[in-house]
Structure formats: C-alpha cells, structure tokens
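# Report on the structure
The chain contents come next:
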Amino acid sequence: MANCSQNLNSITVGCDNNKGGLFTLWLFPYYKEDGITKTFTLTKDADTEEIKGITLDGVTLIPFQFRKQSSSATSTYTLDDANGVSYVTTELALRFARQDAAKRLAINSLLKSQVAGIYKDNNGKYVFIGEEEPVTATAGTSESGTAFTDANQYTLTLSDTTLAFPSFVTDGAMEELLG
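Reading guide: rules and limits
Residues numbered from 1 in each chain as written. Predicted model: local features only at pLDDT ≥ 70, side-chain atom pairs only at ≥ 80, totals over all residues. Heavy atoms only, no water. Helix = DSSP H or I, 4+ residues; strand = E, 2+ residues; numbered from the N terminus. Buried < 20%, exposed > 50% of the residue type's maximum accessible area, 1.4 Å probe, protein only. Contact = heavy atoms within 4.5 Å. Areas by Shrake-Rupley, 256 points an atom, 1.4 Å probe, with all protein chains shown as cover. Lys, Arg positive; Asp, Glu negative; His and termini not counted. Charge placed at Lys NZ, Arg CZ, Asp CG, Glu CD. Patch = residues over 30% accessible without salt bridge, like charges linked within 9 Å, V, L, I, M, F, W, Y side chains within 5 Å. Salt bridge = Lys/Arg side-chain N within 4 Å of Asp/Glu carboxyl O. Phe/Tyr/Trp six-rings, centres within 6.5 Å; stacked < 30°, edge-to-face > 60°. Polar contact = N/O pair within 3.5 Å; in protein donor to acceptor, adjacent residues only side chain to side chain.

A few words now on the overall build of the chain. In terms of helices and strands, the chain carries two helices and 11 strands. Listed by position from the N terminus, the elements making up the chain come as β-β-β-β-β-β-α-β-β-β-β-β-α. Taking the principal axes of the C-alpha coordinates as reference, the chain spans close to 55 × 40 × 40 Å. Expressed as a percentage of its 179 residues, the buried residues of the chain come to 31%. Counting only contacts in the chain whose residues sit at least 6 apart along the sequence, the fraction spanning at least 24 positions is 66%. For the chain, the exposed surface amounts to about 11800 Å²; the carbon and sulfur share of it is 49%. The chain carries 14 positive and 22 negative side-chain charges, and their two centres are separated by 11 Å.

Now for a nonpolar patch on the surface. Residues Y77, L79 and F165 make up a contiguous nonpolar surface patch of roughly 330 Å² in combined accessible area. Here F165 shows up in the loop between strand 10 (153-162) and strand 11 (168-169).

Here the focus is unusual backbone geometry. One non-glycine residue, E49, lies in the positive phi region at around 65°. Residue E49 is classed as exposed on the basis of its relative accessible area of 51%. A positive phi angle, close to 60°, is found at Q69, a residue other than glycine. Look at Q69 and you get exposed, because its relative accessible area is 72%.

On to the packing of aromatic side chains, then. This structure, assessed with the given rule, holds eight aromatic pairs. Consider the rings of Y30 and Y31, whose centres lie 4.7 Å apart with planes at 80°: the pair is edge-to-face. A relative accessible area of 27% places Y31 in the partly exposed class. Ring pairing ties together the aromatic residues F28, Y30, Y31, F40 and F128, which thus form one cluster.

Within the fold, D45 resides in the loop between strand 2 (40-44) and strand 3 (51-56). Note: C-alpha distance between D45 and T90 (45 residues apart in sequence) is 22 Å. When residues no more than four places from it in sequence are discounted, the contact partners of D45 are E50 and K52. Among the polar contacts listed, one links the side chain of D45 to the backbone nitrogen of D47, at a separation of 2.8 Å.

Shown next as structure tokens:
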C-alpha cells in the first residue's frame, strides 16, 4: 500500500440509545434537464465534513415514507489493493407496504431516475446520498405474499457509490431545507 497521509481519530463507547432502520427518505432529481448540471450545492464543515448547507436549484424534496422497522441503509467499503481502487457502496433497502396504483407509479418512476437525497435514520441522524454521482435503483420486486400475515409490498434497492462513507447533514441544514 502506498504511503498515504493518514489522520486517525479515536472512537469512544457511547451511552446513548441506538436504534436501527430508516425513518424517512427525501429524494430529488440529480441533474437539471441538460443532464450535466447538478441540481444541488453542498456546504461542508471543514473539520467534521458534515454538510451544513444544502441549496437546491429548481427542484423540491419528494418524501418517501414507510412503516417502521421495514427499511435500512447499508454502506460497504470495497478495496482492490492490486489496482489501487477503493469505494463505498451505500444501498437503501426500502419496503413499501400494500401494493396500489400510486405506489406503483412512484416505484416505476424511480426505476428510471437518477436522484440524490437525504435519509433520516431512527436515531434522528440525517445522511446525504448522491454526493458524488447519481443514486439509481438497482433492484426491485412486487410481492403479494401467500398467507394473510405475509407482506404485500413493493421492495426497492437504491444504490450510491462514493469514495468514503456518506456525509451526515446537520439538523440546522435540514431545518432550513424543510422550512
């Protein structure tokens, strides 16, 4: 491995509660109609790399909500040391209960879209996806189930690829963005 600059930071054991899962998701188109220009600008804190400002250009946030304990985000670091390549893939596994025409249209539009967005996890933390390139749908299903207790749902996987784990968004930036 090359002798690269390293800044190590410590991690301490916290006493705060910790809950898994996603609470909500907001998406917006990644590019303007020209297909080249991004629809957003980010301002980051130089020390923490948290996003402290988000400016959207000509687009609005589209909320996607789901039942509790049904959706998740997983970021996976990949390294190919022989080729000097490393990246992080973040996959959002989304489950939307009960199939209907409105959800079908929303899912079908996402299957063809390039988006960016922010998800809020169940710890109240906001995470930005699509910072470096568009987020796209990489898998999806429509399931009826068999038994009464089986899921009747749409599932969708959205994938993002970045050089590092996704950036957190400050509460202040989200308050300003959501109005």
